[in-house]
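Overview (structure and organization)
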Amino acid sequence: MATIKIKQIGSPIRRPKDQRKILVGLGLDKMHKVVERQDTPEVRGALAKVPHLVAIVED
């Protein structure tokens, strides 16, 4: 299965708790951190809830 690289571009400070939990669930805890995750509908759904805090990194 394909993977995608996700980079945190926004701060979770002063954001709702559910958005902060989504970032933690994706493995993002610091600004500009990049993680690689399986490209599944669950991950895509999580990304859709916080598009202002994350970016998909192209290689």
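Notes on the structure follow. (Residues numbered from 1 in each chain as written. Predicted model: local features only at pLDDT ≥ 70, side-chain atom pairs only at ≥ 80, totals over all residues. Heavy atoms only, no water.)

Describing the environment of L47
Within the secondary structure, L47 sits in helix α2 (residues 41-49). Residue class for L47 comes out buried when judged on its relative accessible area of 9%. Separated by 24 residues in sequence, L47 and L23 have C-alpha atoms that sit 8.9 Å apart. (Helix = DSSP H or I, 4+ residues; strand = E, 2+ residues; numbered from the N terminus. Buried < 20%, exposed > 50% of the residue type's maximum accessible area, 1.4 Å probe, protein only.)

Re unusual backbone geometry
The backbone of R14 sits at a positive phi, close to 65°, despite the residue not being glycine. Although it is not a glycine, H32 sits at a positive phi angle of roughly 65°. As for its placement among the helices and strands, H32 is situated in the loop between α1 (17-26) and β2 (34-38). H32 sits in the exposed class, given a relative accessible area of 53%.

Thoughts on the pattern of salt bridges
Oppositely charged side chains can form a pair if their charged atoms are brought close together. For the structure shown, the criterion picks out two salt bridges. Between D39 and R44 there is a salt bridge; the shortest N-O distance is 2.7 Å. Its relative accessible area of 24% is what places D39 among the partly exposed residues. (Salt bridge = Lys/Arg side-chain N within 4 Å of Asp/Glu carboxyl O.)

Geometric descriptors of this kind do not, in isolation, establish any biological role.
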